[in-house]
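# Per-entry structural report
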Amino acid sequence: MSERPPDAVVWDLCRGALATRVLGIVADLRVADVLADGPRPVVEIAAEVGADGGALHRFLRALASDGLFAEEEDGVFRNTAASELLCGEGWVDFAHLCGGVWHRAAGELDATAGDPSFPRVFGTDFWTWLLAHPDERAAFDRAMLQGLETRVARLATLAWRGDETVVDVGGGNGSLLVELLRLQPGLRGIVFDLPETNRDDVVLGDRIEFVAGDVFESVPRGDVYILGTVLHDWDDERAAAILRTIRTAAPTDARLLVLDAVVRPGNDPDAAKWLDLLLLALFAGRERNEKQWRTLLAAGRFEPVRFHDRLIEARCR
Ligand SMILES: C[S@@+](CC[C@H](N)C(=O)[O-])C[C@H]1O[C@@H](n2cnc3c(N)ncnc32)[C@H](O)[C@@H]1O
């Protein structure tokens, strides 16, 4: 990577909060959808989404300087490949959360304690807060769609016996399991998550059952367990408790597939190093390196078999 000027490094970090907030606003206004059919003058966009033309122009100009939207001619904007990701569902919902409640929680991060800032700002833990805010819960479930294809592709490369029952623990709205079962028609699926999770039972179909419950109490029996970006939501003690609940339900030949980052040493850019801080702000969760994963899995009575890119295969101990 070419070295950036030192002042550019500092400035880019200083302006981060502005970028996140403005991205969230533009996502909420659905500006990318307005531009789906081609370039539009900002005055028209502003009128359509109910924004102030002058403010919106400045938001879009700043975002365009980072490649999100492009100003074709003075005051006329078009989508770019990056802003097109904000059409439909997934990234737009992630941007909504990043620029909204997560932005407020991140603003209260401090270095004096390892506790999450979200409860300090909102008076309750993140999951309980989502329960009380069904629209945000729905946005959260849609936000989890971003990166779905990559995660399914990772799972699809593994060897499948073909007739296993796969339990996706903390499986959200079930979209990962739906896609996996499409690729592996012999599998049966169980999505296990909190009762308030938004899901479409028609989409889940008759090969997938949704079981509502608390992962700290019990989970259904299955041949393969998936934990997709679940363990990184919890500190070591709670994450080990989740693994032990699964271990109690799992037959001894069960497989565990953890879809989470394995943080590499060194200074290379890695989205996980920043997501780690969001996890700290929201729930005192964390991203883990290989050594930390080995310790955690052992505490949950599992042992790793293979570390792939954002996929850890493990078996019972
Ligand atoms: C980060 S999301 C991951 C969703 C999905 N696995 C994915 O990769 O898109 C974590 C999930 O854990 C669920 N969860 C949180 N606390 C839980 C609990 N006590 N019992 C069961 N599920 C829980 C949340 O509802 C959420 O769907």
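Small disclaimer: the values here were computed from a predicted structure and weren't measured. (Residues numbered from 1 in each chain as written. Predicted model: local features only at pLDDT ≥ 70, side-chain atom pairs only at ≥ 80, totals over all residues. Heavy atoms only, no water.)

Take the packing of aromatic side chains next. Inspection of the entire model under this criterion finds 13 aromatic pairs. For the ring pair Trp 127 and Phe 283, a centre distance of 5.4 Å and an interplane angle of 15° mean the geometry is stacked. Remark: Phe 283 occurs in helix α16 (residues 271-283) and Trp 127 occurs in helix α10 (residues 126-132); sequence separation between them is 156 residues. Grouping residues by exposure puts Trp 127 and Phe 283 together as buried. Here the guanidinium or amino end of Arg 238 rests over the ring plane of Phe 216, the centre of that ring lying 4.0 Å away. (Phe/Tyr/Trp six-rings, centres within 6.5 Å; stacked < 30°, edge-to-face > 60°. Helix = DSSP H or I, 4+ residues; strand = E, 2+ residues; numbered from the N terminus. Buried < 20%, exposed > 50% of the residue type's maximum accessible area, 1.4 Å probe, protein only. Lys NZ or Arg CZ within 6 Å of the ring centre and 35° of its normal.)

On to the site of the ligand, then. Around the ligand lies a shell of 18 residues, among which Arg 151, Gly 170, Asp 193, Asp 214 and Gly 228 are the nearest. Bound to the protein, the ligand loses 93% of the 590 Å² it would expose on its own. Across the shell around the ligand, the residue classes tally to 7 nonpolar, 6 polar and 5 charged. (Near = heavy atom within 4 Å. Areas by Shrake-Rupley, 256 points an atom, 1.4 Å probe, with all protein chains shown as cover. Nonpolar A, V, L, I, M, F, W, Y, C, P; charged D, E, K, R; others polar.)

Helix length check: helix α2 (residues 16-28) (13 residues) gives 18 Å between terminal C-alpha atoms against 18 Å at 1.5 Å per residue, within 8%. Burial in α2 covers these residues: Val 22, Gly 24, Val 26 and Ala 27. Buried residues in α2 make contact with α3 (31-34), α5 (53-64) and α7 (91-99). (Expected span 1.5 Å × (residues − 1). Contact = heavy atoms within 4.5 Å.)

Any link to function would need more than the numbers given here.
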